[in-house]
Amino acid sequence: MSRSKVVVTDFIHPPLTHEEKILGEVADTVALNAFSEDNLVGKIEDADAIMLYHFISLSEKTILRLENCKLIVRCGVGFDNVDRAFARSRGIDVANVPDYGTEEVADSAIGMMLTLARGVHFMNSRLQRGEGPWVYEQVRPTHRLRGRVFGMIGAGRIGTATALRAKALGMRVVYYDPYAPDGRDKSLGIERIEDLADLLAISDVVSAHCPRTEETQHILNDETIAQMKRGSILVNTARGGVVDAHAVLRAIEADHLRAAALDVLEIEPPEENDPLMQAWRDPSHPAFDRIIINPHAAFYSEEGLDDMRIKGSQNCYRVLTGEKPRNVVN
Ligand SMILES: NC(=O)C1=CN([C@@H]2O[C@H](COP(=O)(O)OP(=O)(O)OC[C@H]3O[C@@H](n4cnc5c(N)ncnc54)[C@H](O)[C@@H]3O)[C@@H](O)[C@H]2O)C=CC1
Ligand SMILES: O=C(O)C(=O)CO
């Protein structure tokens, strides 16, 4: 049997320790470390399987050129960077790795919420830029979290893991998720809310945990952010497209939102001249000490990354040895 070829498109650098250990018997593995889809031209066409991370997209123009590919594994949860319908039409399965970093993202969402709600980021920024002595007038009044409402958009794996943490802090957890099966609320002791506007109106913290889809694109925008409570906090560890980050900036400028944490942005890395980035870097702008921006890192842990690589490689191995892939999403 001739050897297969597996291409790891982005993010992972050699040595390909996990990949070669799992796939070495049947395939050669190549890491391209590409930063744009165009960098794949001439290097991916003969791949039998592809392992894709979140730095680049696989759109129709790339998928069309794949001659032998049987499986695209999105090594991660969100698969909004693959044209799944087009892959399906070409007979290519798309799978994800749904279970490598649920706890890390939940920890990050709660960590960012605590940092903002307890004023840590605000006070640290003030002190760091040398403003004022060590006095309590510096402290932006913070509220006790116990009894406050944690509102989630999306109550899947990460949402429910986050809910358990928020409950442990004594918060009341509510969620909006039109697709969650009945009973999730009962088994977790959280409350389902049918209407997004109702959730936004009562939540002290709104945290996004849904995929980016046509329906959720800018689900938090000028209009819906205006429905959030004055002085509330917004946390986005889902996808950049789920939240209009410029609307967040406007809501901070208008002092409607107290603070926001954005682990993900629509364009990653963002353009240097993006007004959000400029405001966030400007010590005289309210965004400086009221917005946290992370470089899409909520998922990251060494253990999680190992899991992602191992599970992604195992799925490629299955397909290259004639078995059905797991976790197909198209
Ligand atoms: N920042 C990061 O590092 C990471 C971000 N993510 C993002 O988190 C998202 C959620 O991950 P999981 O919880 O594992 O996925 P999941 O599939 O278990 O849960 C997603 C939930 O969102 C719900 N949903 C779908 N459409 C919705 C809508 N219109 N309104 C409200 N809820 C809706 C679904 O019914 C489901 O319950 C992923 O799609 C991914 O984009 C995932 C991992 C890492
Ligand atoms: O798993 C995901 O969806 C991530 O965002 C990290 O790749």
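Structure: see above.
Keep in mind it's a predicted model, so treat the numbers as computed, not measured.

A.B. asks: It is not clear to me how the sheet that holds strand 12 (residues 291–293) should be interpreted in this structure. Could you clarify?
C.D. replies: Paired through backbone hydrogen bonds, the strands of a sheet run either parallel or antiparallel to each other. Read from one edge to the other, the open sheet built from seven strands follows the order 8-7-6-9-10-11-12, with strand pairing classed as parallel. What marks the edges here is a single partner per strand, and that holds for strand 8 (191–192) and strand 12. Two elements, strand 10 (residues 232–236) and strand 11 (residues 257–262), share five bridges in a ladder whose sense is parallel. Bridging across to strand 11, I233 finds its partner in A259. Contacts from helix 4 (residues 102–117) reach strand 6 (149–153), strand 9 (205–208), strand 10, strand 11 and strand 12, with the element oriented near 150° to strand 11.

A.B. asks: What is the right way to look at the side chain of S203 in this model?
C.D. replies: Position of S203 among the secondary structure elements: in the loop between helix 8 (196–202) and strand 9. A polar contact of 2.7 Å, which involves the side chain of S203, links it to the backbone oxygen of L199. Contacts of S203, omitting those with residues within four sequence positions, involve V149, G151, V174, K229 and S232.

A.B. asks: Got a minute to help me understand the pattern of salt bridges in this structure?
C.D. replies: A side chain of one charge can pair with a side chain of the opposite charge when the charged atoms of the two come close. Counted under the stated rule, the structure contains 24 salt bridges. Between E272 and R281 there is a salt bridge whose closest N-O contact spans 3.1 Å. One salt-bridge network, in which partners are shared between bridges, spans D80, R212 and R239.

A.B. asks: Is there a simple way to explain the site of ligand 1 in this structure?
C.D. replies: Residues in close proximity to ligand 1 total 28 residues, the closest being R157, I158, D177, T237 and D263. Between an oxygen atom of ligand 1 and a main-chain N or O atom of G156, the distance comes to 3.4 Å. At 2.8 Å, a backbone N or O of I158 approaches an oxygen atom of ligand 1. One can see that ligand 1 is located within the largest pocket. Structurally, the shell around ligand 1 is a two-domain feature, drawing no fewer than three residues from each of domain 1 (4–100 + 302–320) and domain 2 (102–293).

A.B. asks: I would appreciate a short explanation of helix 13 (residues 302–320) in the present structure.
C.D. replies: The periodicity of an α-helix, 3.6 residues per turn, causes residues three or four positions apart to be oriented the same way. The first and last C-alpha atoms of helix 13 sit 27 Å apart over 19 residues, in line with the 27 Å expected at 1.5 Å per residue. Residues G304, L305, M308, R309, G312, S313, N315, C316, V319 and L320 constitute the buried set of helix 13. The arc that holds the buried residues of helix 13, viewed along the axis, is 160°, so those residues lie on one side. Within helix 13, the exposed residues directed more than 90 degrees away from the buried face are E302 and E303. Just beyond helix 13, the residue with positive phi is G322, at close to 90°.

Reading the values: the criteria
- Residues numbered from 1 in each chain as written.
- Chains lettered and ligands numbered in written order.
- Predicted model: local features only at pLDDT ≥ 70, side-chain atom pairs only at ≥ 80, totals over all residues.
- Heavy atoms only, no water.
- Pairing = 2+ DSSP bridges.
- Helix = DSSP H or I, 4+ residues; strand = E, 2+ residues; numbered from the N terminus.
- Contact = heavy atoms within 4.5 Å.
- Axes fitted to C-alpha atoms, helices over the stretch in contact; angles between N-to-C directions.
- Polar contact = N/O pair within 3.5 Å; in protein donor to acceptor, adjacent residues only side chain to side chain.
- Salt bridge = Lys/Arg side-chain N within 4 Å of Asp/Glu carboxyl O.
- Near = heavy atom within 4 Å.
- 1 Å grid on protein atoms, 1.4 Å probe; cavity = no way out; pocket = protein on both sides within 12 Å on 5 of 7 lines; lining within 4 Å.
- Sits in = over half its atoms within 2 Å of the grid points.
- Domains from an automatic or database assignment.
- Expected span 1.5 Å × (residues − 1).
- Buried < 20%, exposed > 50% of the residue type's maximum accessible area, 1.4 Å probe, protein only.
- Arc of directions from axis to C-beta.

Geometry only, nothing functional implied.
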